[in-house]
Amino acid sequence: MATWFDEARLDDAGVLETVDLRLRTLAESGARVRREAHEAAAATAEAIARGRDEARPRAVIAAGPDSRLLRAVLEPWCPVPFVAWPNPGLPGWAGSLDLVVMLAPEGNDHGSASAVAEAVRRGAQVVVACPERSLVGEHAAGRHVTVLPTVTGDQLATAVVVLDYLAHVHLGPRADAESVAESLDRVAESCSPHRDLAVNPAKMLAIAMADTNPLVWGGSVLAARAARRLTESLRRTSGRSAIAGDAEHLLPVIEATKPHDLFADPFADEPADLRPLLLILDDRSDDPVVRAQTGELKAAAARHGVRVEVLETDAGDEVARYASLLLTGTYAAEYLRVGLVED
């Protein structure tokens, strides 16, 4: 069964109505960030006041969804060692001198609940972002425990709330929820299904990716995190083998690309292999290494006839830029799903 891309579907109101729920969920991203910030404001203020009397932790251990986002933001800034812990439980060395941060937007994960209980047992400082009435919330009880209540189940919104708290206790840079929400609102407006594909960056990107296997690259730590999250969405919406990786991992793929056959029959029964497309997520990093790698990837793509698309953002702080790039790419992934049809 052949699959082809019908770009007319991207402006077809009837077709777009069938995916209204998914697109509406994306459009409400900024509202969820604002709601989480509002719901957690009182608990955050109380925790900040209490934290003034507590000693700086020996180390910070973060776990749960988007703990790697916290690592990307905090590692360059945090004055103490920071660990994003992807495994069950806690590191063996974690104890009463450390701060354990648990992100549990849904609050019903048994592994997260077990890790929180273990942190409490060891006497660690604990900050948990979860619904108050949840499995994780039930285990987050102790003298050194702070619960930042969540209500939307949104991973990014939960991470922003935690980052805001950590910034106020001088363990990370400022993470302004309103700035993130505003950047998400701008993306939702520019990528709205009601905007024609000629002026809609997400629809245009979906068209560019229609007959390709995307290679997604972000040079900075946060852009690389957005690239990995975006490829997960692309694989889910298209079933294609989208890849994210460091420049050294993507260059061999680009260099192995066969020259494009100008005389290939577009109406042949046998479908042609999907060619790679290099998608660069540009968060305006001024790191000279990032700029050098960008040039190297673009040059390799030009030599091997690989198309290059650049996704940019004009958002202010680094978390807002991350959120903007990720949401624009996720919109594009959804429009790719809309346009792909099977004969």
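In this report, we go over the structure that sits alongside the text. This one's a predicted model, so the numbers in the text were calculated from it and none came from an experiment. (Residues numbered from 1 in each chain as written. Predicted model: local features only at pLDDT ≥ 70, side-chain atom pairs only at ≥ 80, totals over all residues. Heavy atoms only, no water.)

Quick word on the pairing of strand β9 (residues 275-282)
The condition is simple: Throughout this description, buried means an accessible area under 20% of the type-specific maximum (1.4 Å probe, protein chains only), exposed means over 50%, and partly exposed covers the range between. Helix and strand assignments come from DSSP, with helices taken as H or I runs of at least 4 residues and strands as E runs of at least 2, each series counted from the N terminus. Pairing between strands is defined by DSSP: at least two bridges between them are needed. The path from the first strand over the helix to the second decides the hand: if it runs clockwise while the strands point away from the viewer, the crossover is right-handed.
The element β9 is extensively covered by neighbouring structure, given that eight of its eight residues are classed as buried. Going residue by residue along β9, you find R275, L277, L279 and L281 tucked away on one face and P276, L278, I280 and D282 tucked away on the opposite face as well. Here strand β7 (residues 212-218) runs beside β9; their pairing, made up of seven bridges, is parallel. Pairing of G218 across the sheet is with L281, part of β9. Pairing of β9 with strand β10 (residues 307-312) involves six bridges; the strand directions are parallel. Its bridge partner lying in β10, D282 is registered against E312. Read from β9 through helix α12 (residues 288-303) to β10, the crossover connection turns out right-handed.

Digging into the environment of G316
The criterion, for reference: Between two residues, a contact is recorded if the distance between any of their heavy atoms is within 4.5 Å.
Examined against the element boundaries, G316 turns out to sit in the loop between β10 and α13 (318-339). Here G316 falls in the partly exposed class, since its relative accessible area comes to 45%. In this structure, the C-alpha to C-alpha distance between G316 and C130, residues 186 residues apart in sequence, is 28 Å. With sequence-adjacent residues up to four places away left out, G316 is seen in contact with R284 and R321.

Describing the layout of surface pockets
Keep this limit in mind: Buriedness for pockets is judged along seven lines, at least five of which must meet protein on both sides within 12 Å for an open set on the 1 Å grid over protein atoms alone, while cavities are sets there where a 1.4 Å probe fits but cannot get out, and lining residues have an atom within 4 Å of a point. Grid points are joined across faces, edges and corners, and a volume is the space filled by probe spheres set on the points. Under the scheme applied, nonpolar residues are Ala, Val, Leu, Ile, Met, Phe, Trp, Tyr, Cys and Pro; charged residues are Asp, Glu, Lys and Arg; polar residues are all the others, including Gly.
The volume enclosed by the second largest pocket comes to roughly 540 Å³. Forming the boundary of the second largest pocket are 21 residues, of which L26, R32, D154, R229 and T330 lie nearest the centre. Across the lining of the second largest pocket, the residue classes break down as six nonpolar, six polar and nine charged.

Digging into the environment of V145
Inspection of the secondary structure puts V145 in strand β6 (residues 145-149). For V145, a relative accessible area of 13% gives the class buried. Put simply, V145 and V128 are 17 residues apart on the chain and 7.6 Å apart in space, counted from C-alpha to C-alpha. Setting aside residues up to four positions removed in sequence, V145 forms contacts with R50, V120, V126 and A140.

Examining the pairing of strand β4 (residues 99-103)
For β4, the buried fraction is high: five of the five residues fall into the buried class. Examined bridge by bridge, strand β2 (residues 60-63) and β4 share four bridges and lie parallel to one another. Bridge pairing in β4 places A63 opposite M102. What joins β4 to strand β5 (residues 125-130) is helix α5 (residues 110-121), and the crossover it makes is right-handed.

Side note on the sheet that holds β9
Filter applied, for reference: Every angle, taken between N-to-C directions, lies between 0 and 180 degrees, and every axis is a line fitted to C-alpha atoms, over only the stretch in contact when it is a helix.
In space, the four strands of this open sheet follow the order β8-β7-β9-β10, with parallel pairing throughout. At either end of the open sheet lies a strand with only one pairing partner, and these are β8 (243-244) and β10. Helix-sheet contacts for helix α10 (residues 221-238) involve β7, β8 and β9, and the interaxial angle to β7 is about 160°. Of the strands in this sheet, β7, β8 and β9 are in contact with helix α11 (residues 247-255), which crosses β7 at around 155°.

Describing empty space enclosed by the protein
Summed over all chains, the structure comprises three cavities of 30 Å³ or more. Volume-wise, the largest cavity comes out at about 70 Å³. Forming the boundary of the largest cavity are 11 residues, of which R50, E54, H144, T146 and Y165 lie nearest the centre. Contributions of two or more residues to the lining of the largest cavity are made by α3 (29-51) and β5. Considered class by class, the residues forming the lining of the largest cavity number five nonpolar, four polar and two charged. One number sums up the size of the second largest cavity: a volume of about 60 Å³. Taken together, W217, G219, S220, I280, L281, D282, D283, S285, V290, R291 and T294 make up the full set of residues lining the second largest cavity. Elements represented by at least two residues in the lining of the second largest cavity include exactly β9 and α12.

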